[in-house]
Amino acid sequence: MNELTKAEEQVMQYVWKLEKAFLKDIVDTFPEPKPAYTTISTVVRVLVRKEFLKFETYGKVRQYSPTITKEHYFKKHMKTVIGNFFSGSTSKFASFFTNNEDINLSELEEIKTMIDERIASLKHKGE
């Protein structure tokens, strides 16, 4: 899977949110000052070429929709990050966050609860 540039990812964030959108809709979702219409049009064409977006044609206009979910892209992207920065080790990745001073006690407890629930679910499935 291709990686997205910052501009491509920004456009995809809006398309994921809109689910289906004409180019005008995508442009309208950008905050002021909005990028040029032609700039967004170029990014959308690249996303179609990279197969992140598909379109249906209605007369002279196209309605775009994502070919991949935000969750699927994020999962693949995180695998790349873990591979590149943590030698493919999920434990090293988790350790990085647990030792991060920016994470407070309540956030750590929330993460622990999610992990405990996942462990219980896997045990219940017999994995």
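If you're wondering where the values come from, they're calculated on a predicted model, not measured in any experiment.

About the thresholds
Residues numbered from 1 in each chain as written. Predicted model: local features only at pLDDT ≥ 70, side-chain atom pairs only at ≥ 80, totals over all residues. Heavy atoms only, no water. Helix = DSSP H or I, 4+ residues; strand = E, 2+ residues; numbered from the N terminus. Buried < 20%, exposed > 50% of the residue type's maximum accessible area, 1.4 Å probe, protein only. Pairing = 2+ DSSP bridges. Contact = heavy atoms within 4.5 Å. Axes fitted to C-alpha atoms, helices over the stretch in contact; angles between N-to-C directions. Patch = residues over 30% accessible without salt bridge, like charges linked within 9 Å, V, L, I, M, F, W, Y side chains within 5 Å. Areas by Shrake-Rupley, 256 points an atom, 1.4 Å probe, with all protein chains shown as cover. Salt bridge = Lys/Arg side-chain N within 4 Å of Asp/Glu carboxyl O. Parallel < 35°, antiparallel > 145°, perpendicular 65-115°, else oblique. Nonpolar A, V, L, I, M, F, W, Y, C, P; charged D, E, K, R; others polar.

Novice: Which residues make up the environment of Asp25, and what are the values?
Specialist: Locating Asp25 in the fold gives a position in helix α2 (residues 23–29). Exposure remark for Asp25: the relative accessible area of 31% places this residue in the partly exposed category. Put simply, Asp25 and Tyr14 are eleven residues apart on the chain and 9.2 Å apart in space, counted from C-alpha to C-alpha.

Novice: Lay out the sheet that holds strand β3 (residues 61–66) in plain terms, naming residues and giving numbers.
Specialist: Working definition: the strands of a sheet are paired by backbone hydrogen bonds and lie parallel or antiparallel to each other. Strand order in the open sheet made by the three strands is β1-β3-β2, with antiparallel pairing throughout. Here the strands that pair on one side only, and so sit at the sheet edges, are β1 (21–22) and β2 (53–58). Two strands pair when backbone bridges link them, and β2 and β3 are joined in this way by six bridges, in the antiparallel orientation. Its bridge partner being in β3, Leu53 is matched across the sheet by Pro66. Against the sheet, helix α1 (residues 6–18) contacts β1, β2 and β3, and its axis sits at roughly 90° relative to β3. Where helix α3 (residues 37–49) meets the sheet, it contacts β2 and β3, and its direction lies at approximately 110° from that of β2.

Novice: Describe in detail a nonpolar patch on the surface, supporting the description with residues and values.
Specialist: On the surface, Ile111, Met114, Ile115 and Ile119 cluster together into a nonpolar patch covering about 330 Å² of accessible area. In this fold, Ile115 is placed in helix α6 (residues 105–125).

Novice: Outline the side chain of Gln63, supporting the account with residue identities and numerical values.
Specialist: By secondary structure assignment, the location of Gln63 is in strand β3. Exposure remark for Gln63: the relative accessible area of 16% places this residue in the buried category. The contacts of Gln63, once residues within four sequence positions are left out, are Lys20, Ala21, Phe22, Lys54, Phe55, Glu56 and Tyr58.

Novice: Explain the packing of α1 against α3 to me, using residue names and the numbers behind them.
Specialist: Relative orientation of the contacting elements α1 and α3 amounts to 90°, with a least axis distance of 10 Å. Considering the angle they form, α1 stands roughly perpendicular to α3. Facing α1, whose interface residues are Ala7, Glu8, Val11 and Met12, α3 presents Ile40, Val43, Val44, Val46 and Leu47. Its residues assigned to classes, the contact of α1 with α3 shows eight nonpolar, no polar and one charged.

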